[in-house]
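Residues per chain are reported as follows:
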Amino acid sequence: MEIPKTYEPREVEERWSSYWETKGFFLPENTSDAKAPVFSMVIPPPNVTGYLHMGHALNHTLQDVLARWRRMSGDRVLWLPGTDHAGIATQMVVERQLQQEGVSRLDLGREKFVERIWEWKEHSGGTIQKQMRVLGESVDWSRERFTMDDGLSHAVKEVFVRLYDDGLIYRGEYMINWSPGLQTAISDLEVEMKTIKGKLYHIAYPIGHRVNSPVEGLAEAYQAANDGEQKSGLLKTPGGDFIVVATTRPETMLGDTAIAFNPEDAGAAGRYQGMISRSAILPLVDREIPFIQDEIVEKDFGTGFVKVTPAHDPNDFAMGKRHNLEFIQVIGKDAKMTDLAPEKYRGLDRYEARKQVVADLEALGLMLRIEDYTHNVGHCQRSGAVVEPLLSTQWFMKMKELAEPALEAVRDGRTKFVPESISKIYSNWLENIQDWCVSRQLWWGHRIPAWYTPEGKAIVARDEKEARERLVAAGLDPNTELTQDQDVLDTWFSSALWPFSTLGWPDQTEDLKKFYPTSVLVTAFDIIFFWVARMMMMGLKFMGDVPFRTVYINALVLDPEGQKMSKTKGNVVDPLEVFNKYGTDAARYMLTAASTTGLTLTPQESKLESARNFANKIWNAARFVLLNCDEVLQSREPLDWETEIAPPELADLWILSRFNRVALDVHSALGEFRFHETAGILYHFFWDDFCDWYLELSKPFVTAKESTPQNLAVKRRLIYVLERSLRLLHPIMPFITEEIWQKLPHKGESICLAEFVPHNSAQLDGRAEREMNLVIELITKIRNIRGTFNIAPSVPLKAQIVPADDGVREVIIKMQDHIKRLARVGEIEIIDKIVERHGSAHSVISGAEIVVSLEGLIDFDKERARLEKEVAKLGSERESLEKRLSNQDFVSRAAADVVTASRDRSAELLDQIEKLGAMIKAL
RNA sequence: AGGCACGUAUGUCAAUGGUAGACAGCCACCCUUACAAGGUGGAAGUUGUGGGUUCGAGCCCCACCGUGCCUACCA
């Protein structure tokens, strides 16, 4: 048999991923037991324009680990894949394409444009799906969904209509976030606040008089008025009174319809007593605007006067509503000044207008001060443009009523977050939730199912036919002309339905009954609000139950320097490159092992190397077995542990016990999403226990030329443990385990469907573990001596061992051949008492004393130092134990088993210290 | 501004209130018949600082210093 010395992942991976998919192993129907428990997950649908990034790689790996583990544990597993239509992103991609052809989407028209997008999707859209296939993710491709599919679109309409009928969706003119870059409204969540260095402009507004020619000296007067303790924004001059307001956006003053100040300033002792009865004349516009009092204005900020632009600022909008102000929209959707602005400014871009307004105010002497000012400005997440708060008619979803059940479901534990601390963040957001603007001025997406009569009355219905029926019901002419709303819904609207729309809702399908609620959602932290919370609300509203029992939040993947990855920083790591370089299994292992309790994950080259080495270790352990166990491997039937030819020996009982403990631990760790621990347990079991000890112990029998019954039994058990270990490793490292498993005696078509090893408590063997630990410790101590004195491995040593009791004696006799070989000792003598001390090195373990003859090799200073160091180490441990034990409070208050353990340990330490002391003395 | 995390070996991270571990790196010796992507042994820590609770604190509480994230927004 030819087997390469190092594991070559690439060739292996290609073979198995296509095999798995062709065979349909990942369909839940594949589970033979129709009554088996169900385990279901929906994938967080990636953006259809996207390609796999490290975050997906982590997210998908963890889901795959869970899916494979549950599948092997006998569950009917559904892991449903799909993508979302990413309205804005996708439209942008195709628009950019058109731009290169010199065509705009408007030239093409809506229908043709949407056709183009579908074409694009068919040809270029499936990148992530292809990547997922390469990675062998165990999703059910037969159930793949896309948010723009007929079924899911149907669900979207149904939800919209029902929410509307329930009064939870409404249309109205409100202040929304307008993205001038994208020419659409966006939701609050899509606005990203960035700190910007801007200016704060202090502007004087005249009270009760017009300013037609430049005013002198106002800036100085303003300076003087604010020099002292008492600051004031009211300037009295021979030419008349002025008030001063400050703004970061001077161009909006053209739309001012009031000046506001805090009611306390208006009171008897207030600075601005009496102002309420006066009015200002808006410079450059000459509009007379009133003063209003409003709590929202802070007295201590600036002058205490605030200009109010109800059509261009969310706070001002609220004040406008409260005080019945005029809403004058001076900036349009194209971010240019409208016809409602004075003629001079019309058509100017908002920033051009700002310059002009500033210049004009300066010319009039009304610009009193311009200071540097750092503040936060909303930017459109997608286009980067500065968001314009605009008054606009849009569709909204009422959230308060929907949020309450979603809060309750987490409070009462119907849905659990892992880690638990996430639930606080979730609740906090839901408790302060605002209504959701769901309409988007795009062409790609679910068109809003609303029709308008020529008079502008909106009829919400599933289709035009139903809209006409509803016309009749409303007593209107069914033949009246109807035009459908031009807008589409936010992509997240359809994503919010994902856990049930993908399963066939609103039809009561078998899948829906079987797989809803889903068992687990694995997702990233940053879409808790965008997605998780909204799914909770929609699931509870339309399915009457939570969409998932557990939400596991995976870590945020940082770059190797610990920085957040971003395209602008240019530090994005392509997971496919990493997976290619180190192998998919190694990369998966690294990601799993790095999934600790923290919220971030910093992949490191060294961790990947270590993971690759682990894969190679597995490969070579298997290589050893495959190259040496021919006669057993010829049998294709799985092997039994019990074999009549030779009874299990200590090492066998030990590894079996260890294996069962590990199987048990892995089960419970995965059950609680402790991925890091799972990876660690398996690593140490396979490398330390299986390779370093069990496999090493087996060597004399396995490599022996003659096949005695004992040799055969050892080989059989070796293969037995290896095959089962592969099963435990499979969820994390699917490819290498499949590759090897297929070469071993096994049952079934694939390790994917092999049983995930029932742990057998009866095979836990504390005695075997204790005895084997003694052997391991003994060998380690002798190796330690060899290392200290730099004795080459080729030089055989002579060891004497003093067992503490007959049990130990028996173990040493039983294992002496192994001990000799692994410690490279030529001769072992079991003695009752140490006689020859001079010229030997000594060691003490729990249960035995060891003497290694080093005639001519020993360095007494080194030996003394070594023993004294050991004494010091044990001594300090004993000291602290004794200190504790002499404390009456400890003895009386600490748990009994802790006290007992401390006493035992202390006695043990004393024994060893005394023995070591005697050894030093005798040197 | 408010909220939430986090500060542990050189790096990245672990550790139900019971004397701190892993991986990588480092030092020494070894190509010992699966693997040098390996083997054997070793060195490395006042757990950010200062208090408190407790028989006992890396872990719980308070304050401070430092770092990160989220939410909101101040004109």
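Residues numbered from 1 in each chain as written. Chains lettered and ligands numbered in written order. Predicted model: local features only at pLDDT ≥ 70, side-chain atom pairs only at ≥ 80, totals over all residues. Heavy atoms only, no water.

## Describing helix H18 (residues 528–543)
Here is step 1 of the chain: Buried residues dominate H18, accounting for 13 of its 16 residues.
Here is step 2 of the chain: The first or second residue beyond H18 is Gly 544, which carries a positive phi of 70 degrees. (Buried < 20%, exposed > 50% of the residue type's maximum accessible area, 1.4 Å probe, protein only. Helix = DSSP H or I, 4+ residues; strand = E, 2+ residues; numbered from the N terminus.)

## A look at the environment of Thr 184
Here is step 1 of the chain: With respect to the element layout, Thr 184 can be found in strand E6 (residues 184–186).
Here is step 2 of the chain: For the pair Thr 184 and Ser 495, spaced 311 residues apart in sequence, the C-alpha separation works out to 19 Å.
Here is step 3 of the chain: Residue contacts for Thr 184: discarding those within four places in its chain leaves Asn 177, Trp 178, Ser 179, Arg 440, Gln 441 and Leu 442.
Here is step 4 of the chain: For Thr 184, the side chain forms a polar contact with the main-chain nitrogen of Gln 441, separated by 2.6 Å. (Contact = heavy atoms within 4.5 Å. Polar contact = N/O pair within 3.5 Å; in protein donor to acceptor, adjacent residues only side chain to side chain.)

## Observations concerning the sheet that holds strand E17 (residues 436–437)
Here is step 1 of the chain: Strands sit in the order E6-E5-E15-E17 across an open sheet of four strands; the sheet is antiparallel. Here the strands that pair on one side only, and so sit at the sheet edges, are E6 and E17.
Here is step 2 of the chain: The pairing of strand E5 (residues 169–179) with E6 spans three bridges and is antiparallel. Looking at the pairing, Trp 178 lines up with Ala 185 of E6. (Pairing = 2+ DSSP bridges.)

## A short note on the protein's contact with RNA strand B
Here is step 1 of the chain: Taken together, 56 residues lie near RNA strand B, and Phe 301, Tyr 373, Lys 869, Ser 880 and Arg 893 sit nearest.
Here is step 2 of the chain: Among the atoms of RNA strand B lying within 4 Å of the protein, the sugar-phosphate backbone contributes 62%.
Here is step 3 of the chain: One of the backbone nitrogen or oxygen atoms of Phe 301 is found 3.0 Å away from a base nitrogen of RNA strand B.
Here is step 4 of the chain: Separating a base nitrogen of RNA strand B from a side-chain N or O atom of Arg 612 is a distance of 3.3 Å.
Here is step 5 of the chain: At the level of secondary structure, the elements contributing two or more residues to the surface near RNA strand B comprise strand E9 (240–247), strand E14 (367–380), helix H21 (605–628), helix H24 (675–702), helix H27 (766–788), helix H29 (860–885) and helix H30 (888–893).
Here is step 6 of the chain: Here the surface near RNA strand B is built from residues that sort into 16 nonpolar, 22 polar and 18 charged. (Near = heavy atom within 4 Å. Nonpolar A, V, L, I, M, F, W, Y, C, P; charged D, E, K, R; others polar.)

## Some details on the confidence of the model for chain A
Note: predicted coordinates in regions of low pLDDT should not be interpreted at a detailed level.
Here is step 1 of the chain: Residues at a pLDDT of 70 or more form 99% of chain A, whose mean pLDDT is 91.
Here is step 2 of the chain: Between the elements of chain A, mean pLDDT differs from a low of 80, seen in helix H22 (residues 630–633), to a high of 98, seen in helix H16 (residues 498–501). (pLDDT = per-residue confidence, 0-100.)

## A closer look at the pairing of strand E27 (residues 797–803)
Here is step 1 of the chain: Burial within E27 is extensive, with six of its seven residues counted as buried.
Here is step 2 of the chain: As paired elements, E27 and strand E30 (residues 848–853) share six bridges and run antiparallel to each other. By the bridge assignment for E30, Val 802 is matched with Glu 849.

## Some thoughts on the pattern of salt bridges
Two side chains carrying opposite charge are able to pair once their charged atoms lie near each other.
Here is step 1 of the chain: Inspection of every chain in the model, using the stated rule, returns 60 salt bridges.
Here is step 2 of the chain: For Asp 372, the salt bridge identified is with Lys 199, shortest N-O distance 2.7 Å. With Asp 372 in strand E14 and Lys 199 in strand E7 (residues 191–206), this pair connects stretches of sequence that are 173 residues apart.
Here is step 3 of the chain: Across the pair Arg 210 and Asp 286 runs a salt bridge, and its minimum N-O distance is 3.6 Å. Taken together, the residues span a long stretch of sequence, with Arg 210 in the loop between E7 and helix H8 (218–225) and Asp 286 in the loop between strand E11 (279–282) and strand E12 (287–293) at a distance of 76 residues.
Here is step 4 of the chain: Connected through shared salt-bridge partners, Arg 249, Glu 251, Arg 350, Arg 354 and Glu 388 make up one network. (Salt bridge = Lys/Arg side-chain N within 4 Å of Asp/Glu carboxyl O.)

## A closer look at the sheet that holds strand E28 (residues 825–830)
Here is step 1 of the chain: As summarised here, the arrangement of the four strands in space is E28-E27-E30-E29, forming an open sheet in which the pairing is mixed. Two strands in the sheet have a free side with no partner beyond their single neighbour: E28 and strand E29 (840–845). This sheet shows a mean twist of 20 degrees between the axes of neighbouring strands, independent of strand direction.
Here is step 2 of the chain: Two strands pair when backbone bridges link them, and E29 and E30 are joined in this way by six bridges, in the antiparallel orientation. In the strand pairing of E30, Ser 843 is matched with Ile 850. (Axes fitted to C-alpha atoms, helices over the stretch in contact; angles between N-to-C directions.)

## Some remarks on the pairing of E12
Here is step 1 of the chain: The pairing of strand E10 (residues 258–261) with E12 spans three bridges and is classified as parallel. Across the sheet, residue Phe 261 finds its bridge partner in E12, namely Gln 293.
Here is step 2 of the chain: Where E11 lies against E12, four bridges are found, and the strand directions are antiparallel. For Ala 280, the partnering residue across the bridge sits in E12 and is Ile 289.
Here is step 3 of the chain: The turn linking E11 back onto E12 is made up of four residues, and Leu 284 within it adopts a positive phi angle of 70 degrees.

## Concerning the side chain of Asp 140
Here is step 1 of the chain: Mapped onto the fold, Asp 140 is located in the loop between helix H6 (127–134) and strand E4 (145–146).
Here is step 2 of the chain: Judged by its relative accessible area of 0%, Asp 140 falls in the buried class.
Here is step 3 of the chain: Only 2.6 Å separates the side chain of Asp 140 from the side chain of Ser 142, close enough to count as a polar contact.
Here is step 4 of the chain: Of note is the side chain of Asp 140, whose polar atom sits 2.5 Å from the side chain of Arg 143.
Here is step 5 of the chain: Asp 140 has contacts with Phe 26, Leu 27, Pro 28, Leu 78, Trp 79 and Pro 81, leaving out every residue within four places of it along the chain.

## Some thoughts on the environment of Thr 509
Here is step 1 of the chain: Secondary-structure assignment places Thr 509 in the loop between H16 and helix H17 (510–515).
Here is step 2 of the chain: The class for Thr 509 is partly exposed, based on a relative accessible area of 24%.

## A closer look at the state of the cysteines
Here is step 1 of the chain: By the definition in use, this model includes zero disulfides.
Here is step 2 of the chain: Note on Cys 437: no disulfide assigned, nearest cysteine sulfur contributed by Cys 380 at a separation of 13 Å.
Here is step 3 of the chain: Summary of cysteine pairing: Cys 691 is not part of a disulfide, and the nearest cysteine sulfur, belonging to Cys 629, is at 14 Å. (Disulfide = S-S within 2.5 Å.)

## Digging into the packing of aromatic side chains
Here is step 1 of the chain: One pass over the full model with this rule turns up 39 aromatic pairs.
Here is step 2 of the chain: Where Phe 317 meets Phe 327, the ring centres are 5.6 Å apart and the plane angle is 65 degrees; that geometry is what we call edge-to-face. Placement of Phe 317 in helix H10 (residues 314–323) and of Phe 327 in the loop between H10 and helix H11 (350–363) is noted, with a sequence separation of 10 residues between them.
Here is step 3 of the chain: Here Phe 317 falls in the buried class, since its relative accessible area comes to 11%.
Here is step 4 of the chain: Residue Phe 327 is classed as partly exposed on the basis of its relative accessible area of 28%.
Here is step 5 of the chain: Taking 5.3 Å as the distance between ring centres and 75 degrees as the angle between the ring planes, the aromatic pair formed by Tyr 552 and Phe 675 counts as edge-to-face. With a gap of 123 residues between them, Tyr 552 in strand E24 (residues 548–554) and Phe 675 in helix H24 connect regions that are remote in the sequence. Across this residue pair, the class does not change: Tyr 552 and Phe 675 are buried.
Here is step 6 of the chain: Here a set of aromatic residues connected by ring pairs shows up, and it is made of Tyr 589, Phe 614, Tyr 683, Phe 686, Trp 687, Phe 690 and Tyr 694.
Here is step 7 of the chain: Between Arg 534 and the ring centre of Trp 436, over which it is positioned, the NZ or CZ distance is 3.7 Å. (Phe/Tyr/Trp six-rings, centres within 6.5 Å; stacked < 30°, edge-to-face > 60°. Lys NZ or Arg CZ within 6 Å of the ring centre and 35° of its normal.)

## Some remarks on the nonpolar core
Here is step 1 of the chain: Among the nonpolar cores identified, the biggest contains 137 residues, and Leu 66, Ile 618, Phe 686, Phe 690, Tyr 694 and Leu 854 are the most heavily contacted of them.
Here is step 2 of the chain: Apart from residues lying up to four places away in sequence, Leu 854 is in contact with Ile 785, Phe 789, Ile 791, Leu 797, Gly 839, Ser 840 and Ala 841.
Here is step 3 of the chain: Counting residues in hydrophobic clusters, the runner-up holds 64 residues, among them Leu 407, Ala 496, Met 537 and Phe 542. (Core = buried A, V, L, I, M, F, W, Y, C linked by side-chain atoms within 4.5 Å.)

## Comments concerning unusual backbone geometry
Only a minority of non-glycine residues have a phi that is not negative, and only a minority of peptide bonds are not trans.
Here is step 1 of the chain: Between Val 418 and the following residue, Pro 419, the backbone shows a cis peptide bond with an omega angle of 0 degrees.
Here is step 2 of the chain: Looking at where Pro 419 falls in the secondary structure, it is placed in the loop between strand E16 (416–418) and helix H13 (422–431).
Here is step 3 of the chain: In this model, Tyr 516 is joined to Pro 517 through a cis peptide bond whose omega is -5 degrees.
Here is step 4 of the chain: Relative to the elements of secondary structure, Pro 517 occurs in the loop between H17 and strand E23 (518–524).
Here is step 5 of the chain: Although it is not a glycine, Asn 324 sits at a positive phi angle of roughly 55 degrees.
Here is step 6 of the chain: When you line up the elements, Asn 324 lands in the loop between H10 and H11.

## Some thoughts on the side chain of Arg 354
Here is step 1 of the chain: Tracing the chain through its elements places Arg 354 in helix H11.
Here is step 2 of the chain: Residues contacting Arg 354, with those up to four places away along its chain left out, are Tyr 201, Thr 248, Arg 249, Pro 250 and Glu 251.

## Quick look at the packing of helix H19 (residues 575–582) against H21
Here is step 1 of the chain: It is at 10 Å that the axes of H19 and H21 come closest, and there the two elements cross at 40 degrees. Between H19 and H21, the angle is such that the two are oblique. Viewed along their axes, H19 and H21 form a crossing whose handedness is right-handed. Across from Val 578, Lys 581 and Tyr 582 in H19, the residues of H21 making contact are Glu 605, Leu 608, Glu 609 and Arg 612.
Here is step 2 of the chain: Among the residues forming the contact of H19 with H21, the class breakdown is three nonpolar, no polar and four charged. (Parallel < 35°, antiparallel > 145°, perpendicular 65-115°, else oblique. Left-handed = near helix turned anticlockwise from the far one by under 90°.)

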